[in-house]
2 protein chains.
Amino acid sequence: MKSLDETHDAGQKSWILSANVNSCDFPLQNLPFGVFRRHKSQESFRGGVAIGDEIVDLGAAVDTGLFSGDARIAAEAAATSTLNTFMSLGPAYRIALRQTLSALLRQGAARQEDMRACLVPQTEAEYALPATIGDFSDFYSSLHHATNVGALFRPDNPVLPNFKWLPVGYHGRSSSIFVSGKTFRRPSGQLKSPDTPAPEYRPSRRLDYEAELGIFVGRGNATGQPVDMDSAEEHVFGVSILNDWSARDIQAWEYQPLGPFLAKSFTTTVSPWIVTLEALAPFRSPWTRDPTDPQPLPHLLGSDTRERGAIDIHVEVLLQTARMRSDDIAPIKLSVSRFIDSYWTISQLITHQSSNGCNLCPGDLLGTGTLSGPERDSLACLLELSRGGQTPIALPNGEIRTFLEDGDTVIMRAYCERDGQVRIGFGQCVGTVLPAD
Amino acid sequence: MKSLDETHDAGQKSWILSANVNSCDFPLQNLPFGVFRRHKSQESFRGGVAIGDEIVDLGAAVDTGLFSGDARIAAEAAATSTLNTFMSLGPAYRIALRQTLSALLRQGAARQEDMRACLVPQTEAEYALPATIGDFSDFYSSLHHATNVGALFRPDNPVLPNFKWLPVGYHGRSSSIFVSGKTFRRPSGQLKSPDTPAPEYRPSRRLDYEAELGIFVGRGNATGQPVDMDSAEEHVFGVSILNDWSARDIQAWEYQPLGPFLAKSFTTTVSPWIVTLEALAPFRSPWTRDPTDPQPLPHLLGSDTRERGAIDIHVEVLLQTARMRSDDIAPIKLSVSRFIDSYWTISQLITHQSSNGCNLCPGDLLGTGTLSGPERDSLACLLELSRGGQTPIALPNGEIRTFLEDGDTVIMRAYCERDGQVRIGFGQCVGTVLPAD
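Residues numbered from 1 in each chain as written. Chains lettered and ligands numbered in written order. Predicted model: local features only at pLDDT ≥ 70, side-chain atom pairs only at ≥ 80, totals over all residues. Heavy atoms only, no water.

K.L.:
Explain the pattern of salt bridges here, please?
P.N.:
For side chains of opposite charge, pairing can occur when their charged atoms come near one another. Residue and element names in this part refer to chain B. For the coordinates displayed, the defined rule picks out 54 salt bridges over all chains. Across the salt bridge formed by E113 and R116, the nearest N and O atoms sit 3.5 Å from each other. A residue pair is termed a helical-turn pair when its members lie 3 or 4 positions apart in one helix, as E113 and R116 do in helix α5 (residues 112–116) at three residues. Overall, E113 belongs to the exposed group, its relative accessible area being 53%. A relative accessible area of 37% places R116 in the partly exposed class. (Salt bridge = Lys/Arg side-chain N within 4 Å of Asp/Glu carboxyl O. Helix = DSSP H or I, 4+ residues; strand = E, 2+ residues; numbered from the N terminus. Buried < 20%, exposed > 50% of the residue type's maximum accessible area, 1.4 Å probe, protein only.)

K.L.:
I'm lost on the nonpolar core in this one. Help?
P.N.:
As a rule of thumb, nonpolar side chains are buried together in soluble globular proteins. Residues Y209 and I313 of chain A together with Y209 and I313 of chain B are the most contacted members of the largest nonpolar core, which totals 147 residues. Look past the residues within four positions of I313 of chain B in its chain and what remains in contact with it is L213, V239, L280, S337, R338, F339, A414, Y415, C416 and F426 of chain B. (Core = buried A, V, L, I, M, F, W, Y, C linked by side-chain atoms within 4.5 Å. Contact = heavy atoms within 4.5 Å.)

K.L.:
Is there a simple way to think about the interface of chain A and chain B in this case?
P.N.:
Quite often, the size of an interface is put as the accessible area lost when its parts meet. Contacts between the two partners involve 59 residues from chain A and, on the opposite side, 59 residues from chain B. Carbon and sulfur atoms supply 59% of the area buried between chain A and chain B, which totals about 5,400 Å² over both sides. Ranking the residues of chain A by area buried against chain B places H171, L258 and F261 of chain A at the top, with a combined share of 16%. Between the two partners, chain A and chain B, sit four salt bridges. Among the salt bridges present, the one from R173 of chain B reaches D364 of chain A, with a minimum N-O distance of 2.6 Å. Counting across the chain A and chain B interface gives 27 residue pairs in polar contact (both at pLDDT 80 or more). (Buried area = accessible area lost by both parts, 1.4 Å probe. Polar contact = N/O pair within 3.5 Å; in protein donor to acceptor, adjacent residues only side chain to side chain.)

K.L.:
Looking at this model, I keep getting lost on the sheet that holds strand β5 (residues 125–128) of chain B. Mind explaining?
P.N.:
Residues and elements named next belong to chain B. Here we have five strands laid out as an open sheet, ordered β4-β3-β2-β1-β5, and antiparallel in their pairing. Where the open sheet ends on each side, the last strands, each with one partner, are β4 (119–121) and β5. Between one strand and the next, the sheet's axes are offset by a mean angle of 50°, whatever the strand orientation. Bridge count between strand β3 (residues 54–57) and β4: three bridges; the pairing is antiparallel. Counterpart to I55 in the pairing with β4 is V120. (Pairing = 2+ DSSP bridges. Axes fitted to C-alpha atoms, helices over the stretch in contact; angles between N-to-C directions.)

K.L.:
Looking at this structure, I do not really get the packing of aromatic side chains. What am I missing?
P.N.:
Where two aromatic rings form a pair, the distance of their centres and the angle of their planes describe that pair. Within the structure shown, the criterion is met by 22 aromatic pairs over all chains. An angle of 85° between the planes, with centres 5.6 Å apart, marks the rings of F139 of chain A and F261 of chain B as edge-to-face. Of this pair, F139 of chain A sits in strand β6 (residues 136–139) while F261 of chain B sits in the loop between α7 (248–254) and β16 (268–270), placing the two residues on different chains. Both residues of the pair, F139 of chain A and F261 of chain B, count as buried. On the numbers, 5.4 Å between centres and 55° between planes, the contact of F163 of chain A with Y343 of chain A is tilted. Note that F163 of chain A is positioned in the loop between α6 (143–153) and β7 (169–171) and Y343 of chain A in the loop between β21 (332–338) and α11 (346–354), a separation of 180 residues in sequence. For F163 of chain A, a relative accessible area of 2% corresponds to the buried category. For Y343 of chain A, a relative accessible area of 8% corresponds to the buried category. Its guanidinium or amino end placed over the ring of F178 of chain B, K182 of chain B lies 4.0 Å from that ring's centre, counting from NZ or CZ. Between R289 of chain B and the ring centre of W344 of chain B, over which it is positioned, the NZ or CZ distance is 4.6 Å. (Phe/Tyr/Trp six-rings, centres within 6.5 Å; stacked < 30°, edge-to-face > 60°. Lys NZ or Arg CZ within 6 Å of the ring centre and 35° of its normal.)

Spelled out as structure tokens, the structure:
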């Protein structure tokens, strides 16, 4: 898991030519997992791997007889309607499957026609959640986001003392997580303005997105057995894009003292593809902590955290309003931020969450929290971009936004790019706001 | 669901004689559902109904041919390894099954020998969680608890302004919910005392229980479709006992601004039996709101909330320390409180949780929050009983407690009693603290 192998070789191309295009999200070196079926078909949802413009149907691929040993066990588990069983197998099986797929899909591979018969074009596919998500936790990993948002909610006390000592997080709602493409009604809730004596129940006026990454748990841990930092990545399956839609006015009224609740639980969206830790290996980066800040307690610092704890993933947010859509104007980019700017690493989130003995289970989802960076164009939600709604954002077609309007579509993309490496993409995470009832 | 029928007739007795004892938790009028198997057997866990000292094995009962129509459909669904499918059927099927079971188990019923062959003694049984719990939410329904605990965490501002307008709640952890009988290690976590500059990672020193009731969701609602107050009970399956074990020192350091997280997620315990809304019908009570307090917004007030929104359930907490156990001293009662003292009703919790369009699913669990009452002997956690650890509690054998010690067993019981009605019990919810590693 930790070292690069032939599956990362930037010189390798695929016989699926769309995978070799420079801007492609899904080159041979990526091989992300998801659950799909042909659009509007009666087929069962089943596991697949994205490559170029195609999906490898894993069940069909197993039937070719080209998979053996651990790779076959892994492919059979991944061919079912959720990836949970595959996730539970841990990294060795996942790596074996990656290596077999890489060998079968590269230029010059034998029996290409057998594998070609297992491909489904992505244009013909629809997706399901890649896993049954037992528990969803959402963190607050970006100091930039915590500082900006904290200043709006608590001007005197934006970043609380615990932030720099532990990854602040809370439990989220699993049932309302949907795969990319979801439309949803603007939520209603109790809203209270400071100048009225009573709240009222009405549609949110301050609907927002939050650009995050979602970490899917692979192998679980037993209850009462915390996961240490040097083992944490053995419990990580991979990473997707996550939009933690938020109703800021519901949140402001409800969130004390027990945290966000209905402000978040109406809809959460994840991208259909999960990029594995293996695919992200070339983009590992040193993790630094400002020397004037508290350094991590020993249980939150692994033997290689400082050397390679971070991963350099870019996350973009684009907006297309209803009017832009009807005028055929392309989505405009609102922000791009980098996971490398996160205050906490993936392993620190896993280790912290299990540090009380809590059992993580295959398919559990951990959100990073809104991944805002230090610059204005790296602010990853409207609450920050519009400074709490005080500074409207002018769109190129003359529309303005403080928060989301009905008909707005939010598109999130993520990717890794580095000199000498093949670009690794995450696809997209898309959602559209419908009017309240 | 709302009216009493022959299944509530206090004059009816069962041919299972242990069900007719006055102190019995499970008379003919109760018929709670759970999932069991014979202790230490290789049998599959399966649905059953408690009566007297026995369990009706629903799968075996269906095989007698004595169930027909909706009752048969319900019994077949309830005979599986989780009650989720049965829960999803909604109240009509549940009521049909209750009526058939009541008729088959009452004195004078035909074919008693066929049914007797379906009984498993409770002394020979072990239990599983009655449902796969997709999402667990925990509320904060007791004004007494909120006032007492708020005063400890925020002396200047114990009860926040939102408390009297909406049922404050937060998302909990599903994976760490276990059925009664669980032992668990004292959790570790980051603790920080006010007089040290840095936190440390170590075992909790302020481990506590919280006596709650757990509401299991029956039929779910579609996403984007809030449940109104007059429909809310159609989405409730029943009620169990819930112990929301809490590490107060972990909580104090972590909980701002996003709420409790690792202070709660190490273990939560529920009783094996779920008492249905039908069994609780004779204990419905008027729901009152202090006229000087805000009255509920219209969406949180049903047509019969004031007349019968409350349910009079008593919840007891008992403690047996390791020394008491070895000296053969019976558990001592620490508190008894009443759900009738709750500030919010079950329907208000359901309606509020779905008011933003959040989809509730069969088997979801809603905790009421700690059910403290107004009197000293109705304080339902040690944090309140010991006034934040300042006032040790003297036990009859000379031991003292501020918080839980290793080896302590906490036993919770619940029951309904009312003149002219048969007592309805919930069984017990038991857990024991083991030392940290």
